[in-house]
Amino acid sequence: MTPRKPADWFDAEYNNRARVPDSAQLLARWAEASALVRARAHCELDLRYGPDAQQTLDVFAPDPAFAGGFAPVLVLIHGGYWRSLDKSDYSFLAASFTDEGALVVVPNYDLCPNVSLERIAMQLTEAVAWVWRHAAEHGGDPSRIALIGHSAGGHLAAMLSCCDWKRVGRDLPRRLVKGAMSVSGVHDLAPLRRTTFLQQDLRLDAAGARRLSPIHFPPPASPQTLFAVVGAQESDEFRRQNRLIRDAWGPRAVPVCEELPGCNHFTVMHDLADPEGRSHQLARRLLGLRWYSGLL
């Protein structure tokens, strides 16, 4: 019989802030860069998409050079283990995609333990429905919506890939999302029940962990796909989580399942922001972007 792993093993595998010694400095850099982007970008902040306290989102318009046509729409879902961080921490990612002609939307959501993880997932369906209904008002094409989520956001992006949008709103198309990417996503929540630093806030029981784990969902219907990437320097468990979604959904639904060299759980976001980064290029593929950034 395989020995049962102790709680401190799970804490070591899943506590990314403890695993990355300079995580606090990296998060501070994100916040500083994000404030600069918000100050300089053409954006509308804190638009309300629902009644709950944190149901607001930020919209970043594409570079004016791309005016005149409907832009593909990128919805960025922030991480933080469903209990921390904020949309404002991820504004820095918007700039490289608006430079390339995309409309970028970054939603907020209420956090555990103030709300349940189930409620967070429902809030995000409401956010994406808002994007479909209002994208054209901001220069976006509602038929070209792609999702990218980081960490907990990767979990939410995978969940949203399987959403029955007709149950969210009768006016919504059945295939609302064109594609999605989970970056360092958690696709099986069961191990998180063994972490001492998370369980107090998440309050997951066995049934809830299974019900909310994308690996137990039917894969999104063809031709919709999910790309799954993770930093090669992340923990064994996060790299396993990345493989799990491919194992569960198969190569048709998850055609990309990769580890990004030199990236940890935080610097993987720098790869996404970098026009030459592998995950950035995958995001371009999801969005169908034809033009390249002036940074190249």
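Refer to the preceding data block for the structure.
What counts, and at which threshold
- Residues numbered from 1 in each chain as written.
- Predicted model: local features only at pLDDT ≥ 70, side-chain atom pairs only at ≥ 80, totals over all residues.
- Heavy atoms only, no water.
- Pairing = 2+ DSSP bridges.
- Helix = DSSP H or I, 4+ residues; strand = E, 2+ residues; numbered from the N terminus.
- Axes fitted to C-alpha atoms, helices over the stretch in contact; angles between N-to-C directions.
- Core = buried A, V, L, I, M, F, W, Y, C linked by side-chain atoms within 4.5 Å.
- Buried < 20%, exposed > 50% of the residue type's maximum accessible area, 1.4 Å probe, protein only.
- Contact = heavy atoms within 4.5 Å.
- Polar contact = N/O pair within 3.5 Å; in protein donor to acceptor, adjacent residues only side chain to side chain.

(A) How the structure looks around the sheet that holds strand E7 (residues 226-231). In space, the 8 strands of this open sheet follow the order E1-E2-E4-E3-E5-E6-E7-E8, with mixed pairing throughout. Where the open sheet ends on each side, the last strands, each with one partner, are strand E1 (43-48) and strand E8 (256-260). Taking each pair of neighbouring strands and ignoring which way they run, the sheet shows an average axis angle of 20°. Across 4 bridges, the pairing between E1 and strand E2 (residues 56-60) is antiparallel. Note on E2: the bridge partner recorded for cysteine 43 is phenylalanine 60.

(B) Structural view of the nonpolar core. One finds Tyr81, Trp82, Leu147, Leu189 and Leu192 to be the most contacted residues of the largest nonpolar core, which totals 60 residues. Element by element, the count of residues in this core is highest for helix H5 (residues 117-134), at 9 residues. Sequence-distant contacts of leucine 147, defined by excluding residues within four places in its chain, comprise Val75, Val128, Ala157, Leu160, Val177, Gly179, Ala180, Met181 and Leu286. If you look at the next biggest cluster of nonpolar residues, it comprises 36 residues, including Leu74, Leu93, Leu282 and Leu287.

(C) Expanded view of the side chain of glutamine 123. In this structure, glutamine 123 sits in helix H5. The exposure class assigned to glutamine 123 is buried, which follows from its relative accessible area of 0%. A distance of 2.8 Å separates polar atoms of two side chains, one belonging to glutamine 123 and the other to aspartate 52. Discounting residues that sit within four places of it in the chain, glutamine 123 has contacts with Tyr49, Asp52, Gln55, Tyr109 and Asp110.

None of this, on its own, says anything about what the molecule does.
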